[in-house]
Amino acid sequence: MKRRNAIRNIAVLSTGVGLLSSCNWWDTTRVPVYENISLDKDKWFFINDISRLILPVTTSEQPLTESPTHFVLTSVNDCFSPKDIQRFLEGCTSFQISFHENYGKEIQSEDLSDFVVALSAEDLPDSQGYFIEVVKNLRIRYFMSEENFLKNKLDFEFVPGRFSGCVKI
Amino acid sequence: MDQQFDAIVIGAGMTGGWAAKEFCEKGHKTLLLERGRDVKHIADYPTTGMQPWEFKYRGNIPYTIKKKHPIASKCYAFREDTTHFFPDEETQPYIQEKPFDWVRAYQVGGRSILWARQTQRWSDYDFEGPLRDGFAVDWPIRYKDLVDWYSYVEKYVGISGNKDGLDTLPDGEFLKAWDLNCVEEHFQDIVKKNYKNRHVIYARCAHLTEDKEIYRKQGRTLCQNRGICERGCPFGGYFNANSTLIPAANKTGNLTLRPHSVVHSIIFDEQLNRATGVRVVDAETGETMEYLAKVIFVNAGTLNTNLILLNSTSERFPNGLGNDNGLLGKYIAFHNYRGRIYATHPGHTDFKTEGKRPTSTYVPRFRNVYEQETDFLRGYAATFNALRRYETDTKGFGSALEEDLLNKTKLGPWKVSSTMMGETIPKESNFVSLSETERDKWGVPVLKINIEYDENDEKMMLDFKEQMTDMYQKAGFTDIQFRDAGWNPGLDIHEMGGVRMGKDKNTSLLNGQNQLHACPNVYVTDGACMTSVSTQNPSLTFMALTARAAKHAMENLMS
């Protein structure tokens, strides 16, 4: 069942990831520095690509408060225990190596999406699954706590000033 | 700074705030000591105006902060938007001889900034419990002794509630209630039809739902239903000490508020045979000082009140102030919140709620009220919540995931849940004491806590499971699941006792006016004074006891 879902998702996913690194949030010559996560530029952009593959940044999310990838990495850097950071980084490295072994050095969006989706098939090493799970969960958390989503999809009101117990839908 | 006052109040939380307000408004010079920092209403609520998307971690908490708060981080109110209201636990050590999660909030306002705002009165079924069921000691007071004080406090605080006409949970001075939602009304009807002495009522809460002159004078306005009370409310929509009691006391010109003041001990004068003042350590400078007063109110929070009294030794009281019978620090009890039940309500799918309501519905205690029905003592109250959350499918990736989030996020079914609020039995074996070897950075002995659940609590939790399951089944709820939250004692944040009230100085520490039997110019009116704990959230009773005791002190010792 999961495999079928994965295949279905590949089809949908592949349509939306044509321009991965070409529209990065950050200046391609510099990336943010995270105190507890040692990331070179290559790895930062790799994670950025993964984040975008999981959930692309489209007009539905605009205006963004910050780069979703920066939010993901700031959260890992600041909120995770040293043990979990280690696991995350090991998963990231392992994932990247596996990817290159399977698809070569050049990251093609279609290959990457295939690989990401394969993670849901439960046949990848634990740390790689953990890495993708963390990026996905934080990416979704960011998306669902943005102003646009909260106000337009969840009827969020900061100061409701009322409570109605039985409202007919 | 003057050293002499009419009254010294130790602790600027909810009860200390009440004592200070009462004294100051009657013209008495009052020193209010608080071990934590000052928190000014509105000015010191840094997150109160922040939107969800303005939080750096969107609800996560930095690892370094969690490490500094290993106990508080278990608390429901410890969130990204509230961590600044919890003290750094590294500098506030205590010893868990048995696992006990002591949730503290050291600042002006104390835990009143963070409380759940539930305000149910006690009845004589509660005050007469120890006598009837043969535990602890008989309370020296009954409901009639407190009824006017409940009213006095409620009018000032502002309590939203319905007149339910229950003998187990007396009505009070209520502002209007918010609606029950459809499923709460459904559950209320089912329980009424199927059980003789069980009720589902609106949970009375300390929120302003009506605009009155008394609240305008306090600078407060109506609750705006934001549901983020623990950040501190800029509207004063809920009651805390910072928005009401402290400013009221301050306005008189009679208040001296001294934050960063760790009380080391109370000074007892053997010649005068009374307490004359307190020894204080400045938390920031380490400087020690003494302040003097005719009357001392100890409102440091249950366990710290025990600590201060245990540490107040003299030739007359070698085991702690007023501790002639050796019972100081013993018979501590709390509320058992471990039992939880969850279910789905398949009906009412064409209804939802709008806005937010800062309270739930409430099932008052029905077990062992009129007679002993079970093989355990006492009983439990329960919350009842019914709500619909937005649900979405996050299994997909890429555009498929975006499509699901944007277009398939929808209201899920009604989810219902209840938490038990069980009465635990005070026992001599549940006690606190002072470490003989460890002291904190201010030279105060570290508290050792020795408190645990017992067989009565386990049996009560099973009964909660059985009875609530039966009620849920009758209501047609499905997928009913019980969970033992496995909490340590303390996480209920309702620890009480250790300096209990009673009629006999040989078996209690305080008399019916909250005075130490052996040192009558020292009063204890926070949770430490409680002889038993019943099931209701206790703050309202603490406040009523405090206002009553303050009047007694002013009439008898301060005139």
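Structure report, in brief. Owing to the predicted nature of the structure, the values given are computational and were not obtained by experimental measurement. (Residues numbered from 1 in each chain as written. Chains lettered and ligands numbered in written order. Predicted model: local features only at pLDDT ≥ 70, side-chain atom pairs only at ≥ 80, totals over all residues. Heavy atoms only, no water.)

### Let's talk about the side chain of D78 of chain A
With respect to the helices, strands and loops of the structure, D78 of chain A is situated in helix 3 (residues 68-79). The buried category is assigned to D78 of chain A, whose relative accessible area is 18%. Here Y57 of chain B takes part through its side chain, which lies 2.3 Å from a polar atom of the side chain of D78 of chain A. (Helix = DSSP H or I, 4+ residues; strand = E, 2+ residues; numbered from the N terminus. Buried < 20%, exposed > 50% of the residue type's maximum accessible area, 1.4 Å probe, protein only. Polar contact = N/O pair within 3.5 Å; in protein donor to acceptor, adjacent residues only side chain to side chain.)

### Points about the packing of aromatic side chains
One pass over the full model with this rule turns up 35 aromatic pairs over all chains. Arranged with centres 5.3 Å apart and planes meeting at 40°, the rings of F71 of chain A and Y142 of chain A form a pair that is tilted. With F71 of chain A in helix 3 and Y142 of chain A in helix 6 (residues 126-144), this residue pair connects regions lying 71 residues apart in the sequence. When sorted by exposure, F71 of chain A lands in the same class as Y142 of chain A, which is buried. Between the aromatic rings of Y94 of chain B and W102 of chain B, the centroid separation amounts to 5.3 Å while the plane-to-plane angle is 80°, which identifies the pairing as edge-to-face. Y94 of chain B sits in the buried class, given a relative accessible area of 13%. On the accessibility criterion, W102 of chain B (5% relative accessible area) is buried. Among the aromatic residues, those joined into a ring-pair cluster are F46, F88, F95 and F131 of chain A. Sitting over the ring of Y156 of chain B, K21 of chain B keeps its end group 4.5 Å from the ring centre. (Phe/Tyr/Trp six-rings, centres within 6.5 Å; stacked < 30°, edge-to-face > 60°. Lys NZ or Arg CZ within 6 Å of the ring centre and 35° of its normal.)

### What to know about the nonpolar core
Membership of the largest hydrophobic core comes to 124 residues, with the highest contact counts inside it found for F23, F239, I266, V278, F297, L309 and V522 of chain B. Ranked by residue count, the leading element in this core is helix 12 (residues 539-556) of chain B, at 10 residues. Look past the residues within four positions of V278 of chain B in its chain and what remains in contact with it is I8, I10, L33, V263, S265, I266, I267, M289, E290, Y291 and I296 of chain B. Membership of the second largest hydrophobic core comes to 37 residues, among which are L73, C79, I132 and V134 of chain A. (Core = buried A, V, L, I, M, F, W, Y, C linked by side-chain atoms within 4.5 Å. Contact = heavy atoms within 4.5 Å.)

### Side note on the pattern of salt bridges
Residue and element names in this part refer to chain B. Within this structure, the stated rule accounts for 48 salt bridges over all chains. The salt bridge partner of D145 is K144, with a shortest N-O separation of 3.5 Å. Relative accessible area serves as the criterion here: at 24%, D145 is assigned to the partly exposed category. Overall, the relative accessible area of 62% leaves K144 in the exposed class. A salt bridge links D211 to R216; the nearest nitrogen and oxygen atoms lie 2.9 Å apart. For R216, a relative accessible area of 44% translates into the label partly exposed. One salt-bridge network, held together by shared partners, links R79, D81, R117, E230 and R231. (Salt bridge = Lys/Arg side-chain N within 4 Å of Asp/Glu carboxyl O.)

### Examining the side chain of N299 of chain B
All names here are of chain B. With respect to the secondary-structure elements, N299 resides in the loop between strand 10 (288-298) and helix 9 (302-311). Within the structure, N299 has its side chain in polar contact with the side chain of T525 (distance 2.6 Å). Every residue in contact with N299, bar those within four places of it in the chain, is listed here: V9, I10, G11, T15, G16, T305, T525, D526 and T546.

### Thoughts on helix 6 (residues 182-194) of chain B
All names here are of chain B. With 13 residues, helix 6 extends 18 Å between its outermost C-alpha atoms, agreeing within 8% with the 18 Å of an ideal straight helix rising 1.5 Å per residue. Of all the positions in helix 6, only C182, V183, E184, H186, F187, I190 and V191 are classed as buried. Its side-chain oxygen placed 3.0 Å from the backbone nitrogen of V183, N181 serves as the N-cap of helix 6. (Expected span 1.5 Å × (residues − 1).)

### Section: the interface of chain B and chain A
In this complex, chain B contributes 54 residues to the contact, which on the side of chain A involves 55 residues. For the pair chain B and chain A, the summed buried surface comes to about 4,600 Å²; carbon and sulfur atoms form 62% of the total. If you sort the residues of chain B by the area they bury against chain A, W53, R58 and F397 of chain B come out on top, with a joint share of 20%. There are four salt bridges connecting chain B and chain A. Among the salt bridges present, the one from K56 of chain B reaches D78 of chain A, with a minimum N-O distance of 3.7 Å. At the boundary of chain B with chain A, the tally comes to 22 residue pairs in polar contact (both at pLDDT 80 or more). Among the secondary structure elements, those contributing two or more residues to the side of chain B that touches chain A are helix 2 (63-68), helix 6, strand 14 (351-355), strand 16 (380-391) and helix 10 (398-407) of chain B. The dominant element in the side of chain B that touches chain A, judged by the number of residues it contributes, is helix 10 of chain B, at eight residues. Each residue belonging to the side of chain B that touches chain A can be placed in one class, and the counts come to 20 nonpolar, 19 polar and 15 charged. (Buried area = accessible area lost by both parts, 1.4 Å probe. Nonpolar A, V, L, I, M, F, W, Y, C, P; charged D, E, K, R; others polar.)

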